[in-house]
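# Chains, contacts and geometry: an overview
Residue-level listing of the chains:
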Amino acid sequence: MTSVLPIHPFPVHATTQRGPRRDDRPSSMVGNTPVLRITAPFATDERGFWAKLEGFNPGGMKDRPALHMVERARARGALRPGARIIESSSGTLGLGLALAGMAYRHPVTVVTDPGLEPILVRMLTAYGARVDQVTEPHPDGGWQQARRDRVDQLLAEDPTAWHPDQYSNPDCVAAYRGLALELRAQVGDVDVLVCSVGTGGHSAGVARVLREFNPAMKLIGVDAIGSRIFGQPVQPRLMRGLGSSIYPANVDYTAFDEVHWVAPAEAVWACRALAATHYATGGWSVGAVALVAGWAAQAHVREATVAAIFPDGPQRYFDTIYNDDYCHEHGLLAAEQPIEPVTIDDPGRVTVQSWTRCDAVAAPGRRV
Ligand SMILES: Cc1ncc(COP(=O)(O)O)c(C=O)c1O
């Protein structure tokens, strides 16, 4: 029989530890990530922004929701001791679930698609997860819908298995309380928060908590060109992590003051510029968020505290964003520094192809 771990591996209410840390188990390494001041070439020295470096978690930002969703499901009895966890992921949540599975002793299946970087397939496997790859996109809902359909099939085959459903599980949003409290302890009240949006979990969760302290805080969402989330027609996307071909229920549309769409070449420019100037960089969402946060820091008063969430680090992108051959092949290296976005009034009327913003944010179409 599988034993039950007696202790909560990561309290979502955790705040910053003082002094060098010491961890007695892998899951307690999650949280207490650093923040770094980002300035030129994204912003001036006087008007930089704070980046919360979630890539310092063992698996990235989604270690937090993975541990919290598993802990809550076990407490509710929805996840029985030793039962399998089955989830669709473009990678980051998969890493977190591999950690949560280890912490709580559950086998884990990560359903993914051929776009998953080979290094992640190997790392997930090394961490003990089973990687199940779909081979064809869904005709309307793309890879995400194809992965969800495969999850349903696997769940039907294993009635004891549990599905976290990061797209609509409220625990996935609540899990970011710790991140928000850490950020506030590190930089004080936040006036402008910039978050990428994929499932919508961290933008909703972090903004909700920071607004308990500063109700006037502005939330800027960052999406990918070709993503459906904020009312654009769906197109094939190179960028992973942010963006979606479905409407995730965890996206809190009413929380956003404005949305930006960023193109892959612009994100590549930003990722490489971050690497060259700050030694802190990451993937598509990190580049896109940095571009928008730098712009936001210039667009607001000098005293405004602007913060951005960097969800992961650069390693898994060594063969895409940081690979010249890949970038040449996809036309991603020609971009000059993107200076400012085009502004549109209605995302339903224009299909955007490069950095664009809109401050009318409404829930489009059907929600899953
Ligand atoms: C690397 C990366 N960035 C950004 C996101 C978007 O975060 P959220 O799903 O909380 O909207 C994800 C989600 O999977 C991700 O993996």
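Residues numbered from 1 in each chain as written. Predicted model: local features only at pLDDT ≥ 70, side-chain atom pairs only at ≥ 80, totals over all residues. Heavy atoms only, no water.

Counted only if it meets this: UniProt positions are given in the numbering used here, feature names are shortened, and annotations may be inferred rather than shown by experiment.
Looking at an unreviewed UniProt entry, one finds the protein named Pyridoxal-5'-phosphate-dependent protein subunit beta, with Mycolicibacterium rhodesiae as its source organism. The annotation that UniProt attaches to the protein under Cofactor (unreviewed entry) is "pyridoxal 5'-phosphate".

### Here's the deal with the overall build of the protein
Our working rule: For helices the rule is a DSSP run of H or I covering at least 4 residues; for strands it is a run of E covering at least 2, with both sets numbered from the N terminus onward. Just to be clear, the radius of gyration here is over C-alpha atoms, and the globule rule we use is 2.2 Å times residues to the power 0.38. Note on classification: 1.4 Å probe, protein chains only; a residue is buried when its accessible area is under 20% of the maximum for its type, exposed when over 50%, partly exposed between these limits. Any two residues whose heavy atoms approach within 4.5 Å are treated as being in contact. Values of accessible area rely on a 1.4 Å probe in the Shrake-Rupley scheme; residue burial ignores everything except the protein chains shown. As used throughout, the charge tally considers Lys and Arg to be positive and Asp and Glu to be negative, leaving His and the chain termini uncounted. For charged residues, the charge sits on one atom: NZ in Lys, CZ in Arg, CG in Asp, CD in Glu.
Along the protein, the regular secondary structure elements total 10 helices and 11 strands. Relative to a compact globule of 368 residues, whose C-alpha radius of gyration would be 21 Å, the protein shows 19 Å and is just as compact. Seen through its C-alpha atoms, the protein measures out along the principal axes to roughly 60 × 50 × 40 Å. Here the protein, with 368 residues, has 58% of them falling under the buried criterion. Within the protein, residue pairs in contact and separated by at least 24 positions form 70% of the contacts whose partners lie at least 6 positions apart. With the model as given, the accessible surface of the protein reaches about 15200 Å², and the carbon-plus-sulfur share is 52%. Distance between charge centres in the protein, computed from 35 positive and 39 negative side chains, equals 7 Å.

### Comments concerning the sheet that holds strand S11 (residues 356–358)
Think of a sheet as strands paired side by side through backbone hydrogen bonds, with each pair either parallel or antiparallel. Where we set the bar: Paired strands, as defined in this entry, are two strands with at least two bridges between them according to DSSP. Interaxial angles span 0 to 180 degrees and are taken between N-to-C directions of axes, which are lines fitted to C-alpha atoms, for helices over the stretch in contact.
Pairing is mixed across the open sheet formed by 8 strands, whose spatial order is S1-S2-S9-S6-S7-S8-S11-S10. The open sheet has two free edges, formed respectively by strand S1 (35–38) and strand S10 (342–343), since each of these has just one partner strand. In this sheet, strand S9 (residues 306–310) lies alongside strand S2 (residues 49–53) in parallel orientation, the contact comprising 4 bridges. The residue of S9 that forms the bridge with Ala-51 is Ala-308. Against the sheet, helix H6 (residues 177–187) touches S1, S2, strand S6 (192–196) and S9, its axis set at about 140° to S2.

### Things to note about the UniProt feature "domain: Tryptophan synthase beta chain-like PALP" (unreviewed entry) in the protein
The sites that carry the UniProt feature "domain: Tryptophan synthase beta chain-like PALP" (unreviewed entry) are, in the present numbering, residues 29–312. Regarding residues 29–312, the helix share stands at 39% and the strand share at 15%, and the terminal C-alpha atoms are separated by 15 Å.

### Details of the sheet that holds strand S5 (residues 130–133)
One open sheet holds the 3 strands; their spatial order is S3-S4-S5, and the pairing between them is parallel. Whereas interior strands pair on both sides, the edge strands pair on one side only; in this sheet they are strand S3 (85–88) and S5. Direction aside, the axes of adjacent strands within the sheet are offset by 20° on average. Of the strand pairs in this sheet, strand S4 (residues 108–112) and S5 are connected by 4 bridges, and their pairing is parallel. In the strand pairing of S5, Val-111 is matched with Asp-132.

### Quick notes on the environment of Ala-288
Along the polypeptide, Ala-288 turns up in helix H9 (residues 284–299). As for Ala-288 and Ser-354, which are separated by 66 residues in sequence, their C-alpha atoms are 11 Å apart.

### Observations concerning the site of the ligand
Under the convention used in this document: If a single non-hydrogen atom of a residue is within 4 Å of a molecule or strand, that residue counts as near it. N or O atoms within 3.5 Å of each other form a polar contact, as long as, within protein, one can give a hydrogen and the other can take it, and as long as residues adjacent in sequence are counted only when both atoms are side-chain atoms.
In the vicinity of the ligand lie 15 residues, with Lys-62, Thr-92, Gly-198, Thr-199 and Ser-285 positioned nearest. Measuring from an oxygen atom of the ligand, one finds a side-chain N or O atom of Thr-199 at 2.6 Å. Backbone polar atom of Gly-200 to an oxygen atom of the ligand: 2.8 Å apart, as the coordinates give it. Relative to its unbound accessible area of 390 Å², the ligand is 97% covered by the protein chains.

### Some points on the nonpolar core
Our working definition: Here the nonpolar core consists of buried residues drawn from Ala, Val, Leu, Ile, Met, Phe, Trp, Tyr and Cys, with membership extended through side-chain atoms lying within 4.5 Å.
Counting residues in each nonpolar core, the largest one holds 43 residues, and the members touching the most others are Phe-42, Phe-49, Val-194, Val-222, Val-262, Trp-284 and Phe-310. Per-element accounting of this core gives the leading share, 11 residues, to H9. Apart from residues lying up to four places away in sequence, Val-262 is in contact with Val-222, Asp-223, Ala-224, Ile-225, Met-239, Ala-267, Ala-288, Leu-291, Val-292 and Trp-355.

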